[in-house]
Number of protein chains: 2
Amino acid sequence: MPEAHALFAGERAPGSRAGSLPTMLDLATRVYNHNFKIDPIIRSLLDTDFYKLLMAQTIFRRHRDADVTFGIQNRSRSVRIADFVDVGELREQLDHARTVRLSRGESTWLRGNTFYGNRQMFSADFMDWLEGFRLPDYELEARDGQYVLTFHGPWIETTMWEVPALAILNELRSRGILRGLGKFELQVLYARAMTRVWEKIERLKRLPGLSIADFGTRRRHGFLWQDWCVEAMREGLGEAFLGTSNCLIAMRREVEAVGTNAHELPMVYSALAEDDAALAQAPYDVLRDWQQDYAGNLLVMLPDTYGTTGFLAHAPDWMTAWTGIRIDSKDPIEGGEEAIAWWASRGCDPHEKLAIFSDGLDVGTIEEIHAHFHGRMRIGYGWGTLLTNDFRGLVPDHGLDPISIVCKVIAANGRPTVKISDNPSKAIGPADEIARYKRVFGTGEMAAMPVIV
Amino acid sequence: MPEAHALFAGERAPGSRAGSLPTMLDLATRVYNHNFKIDPIIRSLLDTDFYKLLMAQTIFRRHRDADVTFGIQNRSRSVRIADFVDVGELREQLDHARTVRLSRGESTWLRGNTFYGNRQMFSADFMDWLEGFRLPDYELEARDGQYVLTFHGPWIETTMWEVPALAILNELRSRGILRGLGKFELQVLYARAMTRVWEKIERLKRLPGLSIADFGTRRRHGFLWQDWCVEAMREGLGEAFLGTSNCLIAMRREVEAVGTNAHELPMVYSALAEDDAALAQAPYDVLRDWQQDYAGNLLVMLPDTYGTTGFLAHAPDWMTAWTGIRIDSKDPIEGGEEAIAWWASRGCDPHEKLAIFSDGLDVGTIEEIHAHFHGRMRIGYGWGTLLTNDFRGLVPDHGLDPISIVCKVIAANGRPTVKISDNPSKAIGPADEIARYKRVFGTGEMAAMPVIV
């Protein structure tokens, strides 16, 4: 792995004023060299989102042996991934990821680091388990131009596949598209992409009181590119850059690892519920468990799994003590207004509360949201795909435009899982179960919005 | 010199499909690191233009001990170089250049290589001299925001300073301007400049029968940048890219070293002339000596030193056997038409003749010239400053816009030298001598044109 070596070995090169640059050499050469050897995409178990580890600890403590299936779904059906990502290469990458173990230095970092101001966020028994962990087996077949990639087994194991599986698919797709380009075409491609990211950062700089993090691991163009984007955000935004969801980059670049939690928790909790009454409680059970495990800025709820409106309406009063709400599938202005109204209705001062926006953000939407809400509540942005994978228009035929690919929980203990969200375009699950969930959660009619990324 | 090492050591890195990329790492890191140590600009005596060596051999054979003074002149007076290039740094760089000797490998390359199809272009006695050569002393003072940098001594020694002195001043200026930028600002600066060069190359690709070379050593942004531009030209243009004037890059990158000859030859020959009759012959004496030393594609005359029109009118018939004409200070369309008319008037077929355009070229002018002359004669382009130093507008206040800085011969054996050229803005010499030369050469009135670069 000479490229990764070159990238990281020089981090504090003697005589340099500061850390090494993630470079166009690394980017273009690495892409250029992909044709003749395996160049592993996942080289560390920490090359995942921080919230996977947070969720894993909660799962480890309560439901580690629940039998949970995850599956890849490409919502951009028109992009036939299986046509240009070779199945052999895909298997090679997945198999390589299965060989990776937590290194001693990585374990030390997780055990010793301060996250969100808290030391020893991960308990000794969880760390012991993580040190012995390897990604479990997978099932793979190609069907109608798409890969059907599923992970079946104990929740604590299958949950760990989500981010690496997505990162592998996205990076193999990039490599496939770039394979035909010459050395300098590649350099200029990256030059243009770098210029684009930097121009976005220059626009973001102008936003007062900005607080933004990189959430782009799963849909990134590639690991080195994400690393470059993080460093660019740090240099360009200074204190306004909160950190990255990627644990490996956070460790190596010494920035904050940040994250909240995801739909899989309420989806599995709900699937495990024995009856409708338990189902109605399940999303709140998630939050109750979560606040036992974590505190402070990690108390950010994700209310949209079965519709935000019903979730907030039926929320127990103790939830008003939570720091914030993540707005992920509703129109951001509408979702933010709903949060403010809810806090106000429960006697909270929205100025002390935090809304985290994370759905399909780009600079334009961030500017709009900021213009609308700045000064009315605390705001954070989790910027994903269009930070770490905006190569739109840089090769012909939209070949590098990002696709909306997800790895979602499908079933738990033999029961199908359901997600409704605030955007019907994102609904998941069998129709009869969706109907049951809608009834239980009082989910009303919602306007469908196009899924951006 | 770890950066240069990194650049060249990897040229044929194991496992790579082809040579290494001159990289944004090298470029941005090298610029970024300039603040704390000396980073030599001239690291090889071959980091000069090929025509300096060709001219040096002619000088070595006939006028090696003529006492010749060269001086730096910044025609862009509004750019006060001495205000942002530290005199200590300048001395360090000039002094370092004086320590450089021809290496064994460099000597082998000059002795063994084929230039323009000819082996052993450089004679054994010249090579013996060159192996022992070091750049001579210099005189430096700052005056009114400009550096007065002069080289005084035997012509064969002082002639060798022209290109390294200009390259040092131009690169120190770039470094001074870039010093205040952050790591990523630098990367994005280079990303934008790379994109710009590549877009120019993409336009040039469309020109039928193009033949173009890099002439950008003296005014380059920096050595690594020139190297990148040469590689980009090679990848982008293929056979249409003839080679580079820079011997070091030609050697390391295995491209052709190309060049013709320059005004210093007729200027010194003319200054050495004992009377007006000898003066009138001097420019033709240069060509007579030159064709004894070189043949074929190297027989490209530079007719404009004292006005092209008079030069061609009085040319002896043997000059019609020469391959071509370099058009350097006249409007290129006018100059090309004049060449065609001259060849026709002397019974030559212009289709077999070569015109080399080399004055302030950029893609737009190349396109115009090509549209006008393609198919009427052979055409070559020597693309200089706006290939290797087009950072216009990439930092505020035109800070990186190229400047028109030259290193010209001032005196020979105590007599002032004179250059008139086809553009009065480029005239050099004392007024009374200019008047005498105009009389001797029958130089008429000419329209002044702005000097671009």
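One can find the structure itself at the top, above this paragraph.
A quick note: this is a predicted structure, and the numbers were derived from the prediction, not measured.

Trainee: Before we move on, can you summarise the packing of aromatic side chains with the specific residues and values?
Mentor: Residues and elements named next belong to chain A. For the coordinates displayed, the defined rule picks out 50 aromatic pairs over all chains. A ring pair is formed by Y306 and Y437, whose centres lie 5.0 Å apart and whose planes are at 50 degrees; its orientation type is tilted. Taken together, the residues Y306 in the loop between β8 (300-301) and α15 (308-313) and Y437 in helix α19 (residues 431-441) connect sequence positions 131 residues apart. Here Y306 matches Y437 in class, with each residue buried. Joined through ring pairs, the aromatic side chains of F50, F60, W109, F115, F122, F126, W129 and F133 make up one cluster.

Trainee: Tell me about the environment of S245(A), residues and numbers included.
Mentor: All names here are of chain A. As for its placement among the helices and strands, S245 is situated in the loop between β7 (241-244) and α12 (247-253). On the basis of relative accessible area, S245 is assigned to the buried category, the value being 4%. Through-space distance from the C-alpha of S245 to that of N113 is 15 Å; in sequence the pair is 132 residues apart. Apart from the residues within four sequence positions on either side, S245 is in contact with T48, D49, F50, D214, F215, G216, T217 and V258.

Trainee: Could you give an account of the packing of helix α3 (residues 50-62) of chain B against helix α13 (residues 264-272) of chain B, with specific residues and numbers?
Mentor: Residues and elements named next belong to chain B. Two elements in contact, α3 and α13, have axes whose closest approach is 11 Å; the angle formed by their N-to-C orientations is 25 degrees. As the angle between them shows, α3 and α13 are arranged roughly parallel. As α3 packs across α13, the resulting crossing turns out to be right-handed. In contact with K52, M55, T58, I59 and R62 of α3, α13 contributes E264, L265 and Y269. Class assignment of the residues belonging to the contact of α3 with α13 gives a composition of four nonpolar, one polar and three charged.

Trainee: How would you sum up the packing of helix α3 (residues 50-62) of chain A against helix α14 (residues 276-293) of chain A? Please name residues and give values.
Mentor: Residue and element names in this part refer to chain A. Direction vectors running N to C along α3 and α14 enclose 105 degrees, while the axes themselves pass 10 Å from each other. One finds that α3 runs roughly perpendicular with respect to α14. Taking contact as the criterion, the partners of L54, M55, T58, R61 and R62 in α3 are, on α14, D289, W290, Q292 and D293.

Rules and cut-offs
Along each chain, residues carry numbers from 1 onward, in the same order as the chain's sequence is written. Working convention: letters from A go to chains and numbers from 1 go to ligands, in the order in which they are written. Per-residue local features of the predicted model are confined to residues with pLDDT of at least 70, and side-chain atom pairs are confined, for both listing and counting, to 80 or more; whole-chain, interface and lining totals are unaffected and use all residues. Values shown for side chains rest on all heavy atoms present in the structure; no hydrogens or waters enter the calculation. Pairing of aromatic rings covers Phe, Tyr and Trp, the last through its six-membered ring, and needs centres within 6.5 Å; plane angles under 30 degrees mean stacked, over 60 mean edge-to-face, and all others mean tilted. Helical segments are the DSSP runs of H or I of at least four residues, strand segments are the runs of E of at least two, and each set is numbered from the N terminus. The classification of residues rests on relative accessible area computed with a 1.4 Å probe and restricted to protein chains. Under 20% of the type maximum is buried, over 50% is exposed, and intermediate values are partly exposed. Only heavy atoms enter the contact rule, under which two residues are in contact if any of them lie within 4.5 Å. Helix axes are fitted to C-alpha atoms over the stretch in contact, other axes to C-alpha atoms as well, and angles between N-to-C directions run from 0 to 180 degrees. Note on angle classes: values under 35 degrees are labelled roughly parallel, values over 145 roughly antiparallel, values of 65 to 115 roughly perpendicular, and the remainder oblique. It is the rotation of the near helix from the far one that decides the hand of a crossing: anticlockwise by less than a right angle makes it left-handed, clockwise makes it right-handed. When residues are sorted by character, Ala, Val, Leu, Ile, Met, Phe, Trp, Tyr, Cys and Pro go into the nonpolar class, Asp, Glu, Lys and Arg into the charged class, and all the rest, Gly among them, into the polar class.

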